[in-house]
Amino acid sequence: MSSPYSMASPCYSSDDDGRGTPDRVFKEPEYPVVIVDQKYCSTYPVQLVFEKNHDSEDKFKISDDDGNVIFKAKKKKNGFREMVDESDTTIISFTTKHISVHRRRQAYKGDHHEHHRLFTVKKTRGHKSFRFDVYMASNMTESTFNYRVYDNYKDGTSIIFAQDKVTVLAQLHTQVTRQKTEKPEDKFSVSISPNVDKAFVSALLIIREEVKRSRRKGYES
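From a predicted model like this one, the values you see are computed outputs, not experimental measurements. Here the residue index of a chain counts from 1 through its sequence in written order. The predicted nature of this model means local features are confined to residues of pLDDT at least 70 and side-chain atom pairs, given and counted, to a pLDDT of 80 or more, with totals for whole chains, interfaces and linings taken over all residues. Values reported for side chains reflect all heavy atoms of the structure, with hydrogen atoms and water molecules removed beforehand.

## Some details on the packing of aromatic side chains
The rule is short: rings of Phe, Tyr and Trp, with Trp giving its six-membered ring, pair when the centres are within 6.5 Å, and they are stacked under 30 degrees, edge-to-face over 60, tilted in between. Under the counting rule described, the total for this entry stands at seven aromatic pairs. Plain terms: the ring middles of Phe80 and Tyr108 are 6.2 Å apart, the flat faces sit at 55° to each other, and that makes the pair tilted. On the criterion of sequence distance, the pair formed by Phe80 in strand β4 (residues 80–85) and Tyr108 in strand β6 (residues 104–109) is long-range, its members being 28 residues apart. A relative accessible area of 12% places Tyr108 in the buried class. Seen from their ring centres, Tyr150 and Phe161 are 5.9 Å apart, and the 50° between their planes marks the pair as tilted. Helix and strand assignments come from DSSP, with helices taken as H or I runs of at least 4 residues and strands as E runs of at least 2, each series counted from the N terminus. Accessibility here uses a 1.4 Å probe with only protein chains present; expressed as a share of the type maximum, an area under 20% marks a residue as buried, one over 50% as exposed, and anything in between as partly exposed.

## Quick look at the confidence of the model for the protein chain
Confidence scores labelled pLDDT are given residue by residue by the predictor and lie between 0 and 100. Chain-level pLDDT for the protein chain is 78 on average; 71% of the residues reach the 70-or-more range. The element-level mean pLDDT for the protein chain is lowest in helix α1 (residues 14–17), coming to 47, with strand β11 (residues 168–173) highest at 91. Residues are treated as being in contact if the distance between any of their heavy atoms lies within 4.5 Å. Here residues 1–15 is modelled with pLDDT under 50, and outside its nearest four sequence neighbours on either side it reaches 51 contacts, counting other chains as well. Contacts of residues 18–22 to residues separated by more than four positions or lying in other chains number six contacts, the stretch itself having pLDDT below 50.

And the structure:
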């Protein structure tokens, strides 16, 4: 299967850094991106379907191309939400509201009581974009992000890329907008690059929805 990213960037533009950076050519990761577990990586591109369930105990559901549910996000409890696999084993847990003035959320491997922090996310501002930066636990200084989730309001695209801004982990197939009052989509698909941890990507998408919902309710600017 050919890469969906071998083209001039539809998401990265001068709006991202304000320096007039020209469009770039996206590429797949040269090395495996393993954050949660190697078993969640595939050697080929993967398409997942992300679905929100407003009236269910499982608030989010992530399925593969065949309709098999591989991850679910349980209803939040005590300020945390858990993402579980098909056997209800907790894969990742994370805070559901920002825990500091910098609008941070923290993610843990397994149950958060185990204190095995995987990464922290921090919402940042772009001129014509919504984005949050991902800092791995090993990134002590946080002088630059490890990964970024980036919604471009200019062309309505959404993408997850690495620090170099050209290595793509995943791209969402949904129209994004800067309007806080716009009704969110209940279902969308995402293309994940080969050798990328789909549990990590799924967790980022759940956090993305949490952040955007907070913005719509006025909890965050």
